[in-house]
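Read off the chains here:
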Amino acid sequence: MAVYNLGSINADNVYRVPHLVAPGETLAATELTQGLGGKGANMSVAAARAAARVVHIGAVGPDGRWASDRLMEYGVDTRHIAHVLTPTGHANICVDAAGENTIVLFAGANQTVSDDMIGAALAEASPGDSFVTQNETNGQVRATEMAKSLGLRVIYAAAPFDAAAVRAVLDHVDLLILNAVEAAQLVSETGTNLADLPLKDIVVTKGRDGATWHSKGRNAVHVPAVEVTPVDTTGAGDTFTGFLIAGLDRGMPMAQALDQATRAAALMVTRVGTADVIPDLRELQDQRLG
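Residues numbered from 1 in each chain as written. Predicted model: local features only at pLDDT ≥ 70, side-chain atom pairs only at ≥ 80, totals over all residues. Heavy atoms only, no water.

Asks: I'm lost on the side chain of T133 in this one. Help?
Replies: Topologically, T133 is positioned in strand β8 (residues 130–133). Judged by its relative accessible area of 0%, T133 falls in the buried class. In contact with T133, other than residues within four places in its own chain, are N5, L6, Q140, T144, I155, Y156 and A157. (Helix = DSSP H or I, 4+ residues; strand = E, 2+ residues; numbered from the N terminus. Buried < 20%, exposed > 50% of the residue type's maximum accessible area, 1.4 Å probe, protein only. Contact = heavy atoms within 4.5 Å.)

So this is what it looks like as structure tokens:
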């Protein structure tokens, strides 16, 4: 099996700050680190580190060859990452002493993915493979349509959240992943409870409170979080999603895949950084979290 990911690729600039900046405030950062990021790239790395075969569909600019090379080093198939003239996307991330963060994104090359690029990648997919996308690239609607028609399991990670973007793909999605704030926004925007949405499965992540799985015809299942001391929550949700998708792609029952994803996210928040510090399966076993 394989995971096809239409996803963003960013250069992450991570600033350590004493507190998150307030409107009108100028704040001095105490540290700067730079590395590979983007929700798409994070999920691809996480899924690959969770032992899935991952094909990334995306784009980088003239300044971004290092990013596709880094993805390849982490075990991701990068043949369908285009090199375009638009600058590579980037994120400016502020992380405070409690590990909370704020993020400003510049989409750049992530918005240059064509239908032909998506089609060329998905032409290699087989029924039963997984397809995932987020809201940091263009082409999501056409890609989910293609993936569904080819018999792939279609997964949508609804971030950054936009109700219109979610509505546009709902008819083609098997599994929707979103956090508690995004879930509340979706219910408010649609006037529909999660249980009444036309989806087979919905997973709502809740940070320190774990995650809840909603499945048609079943009672909701809550998966508790693993207690750790967080130092940086950046990329934790993407790590959760990548490990969840990889587990499902490898044939795990949802409950087992959720447990694996929860443990991976817990280990991730004990580290500073994004894609470059995502744990692998061996580290989960060695840490014995929970």
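Asks: So what exactly am I meant to see when it comes to helix α1 (residues 39–49) here?
Replies: For the α-helix, the turn length of 3.6 residues means that residues three or four positions removed from each other point alike. Of all eleven residues in α1, ten are buried; the element is thus mostly enclosed. Within the span of α1, buried status applies to K39, G40, A41, N42, M43, S44, V45, A46, A47 and A48. Elements that come into contact with the buried residues of α1 comprise β1 (3–6), β3 (31–37), β4 (54–60), α2 (65–73), β9 (153–157) and α7 (236–249). After α1 finishes, the residue A51 shows a positive phi value of roughly 80°.

Asks: Could you clarify how one ought to interpret the sheet that holds β8 in this entry?
Replies: The strands that make up a sheet pair up through hydrogen bonds in the backbone, lying either parallel or antiparallel. With mixed pairing, nine strands are arranged side by side in an open sheet as β5-β4-β1-β8-β9-β10-β11-β12-β13. The sheet is open, and its two edges are formed by β5 (77–83) and β13 (221–223), each paired on a single side. Each strand of the sheet is rotated relative to its neighbour by a mean of 15°, with strand direction disregarded. By the bridge criterion, three bridges tie strand β12 (residues 211–215) to β13 in an arrangement that is antiparallel. Its bridge partner being in β13, T212 is matched across the sheet by H222. (Pairing = 2+ DSSP bridges. Axes fitted to C-alpha atoms, helices over the stretch in contact; angles between N-to-C directions.)

Asks: Would you take a moment to explain the sheet that holds strand β6 (residues 89–95) for this structure?
Replies: Strand order in the open sheet formed by four strands is β3-β2-β6-β7, with mixed pairing between adjacent strands. With partners counted over all chains shown, the strands left at the sheet margins are β3 and β7 (101–106), one partner each. Each adjacent strand pair in this sheet contributes to an overall mean axis angle of 20°, direction not counted. Here strand β2 (residues 10–16) pairs with β6 via seven bridges, running parallel.

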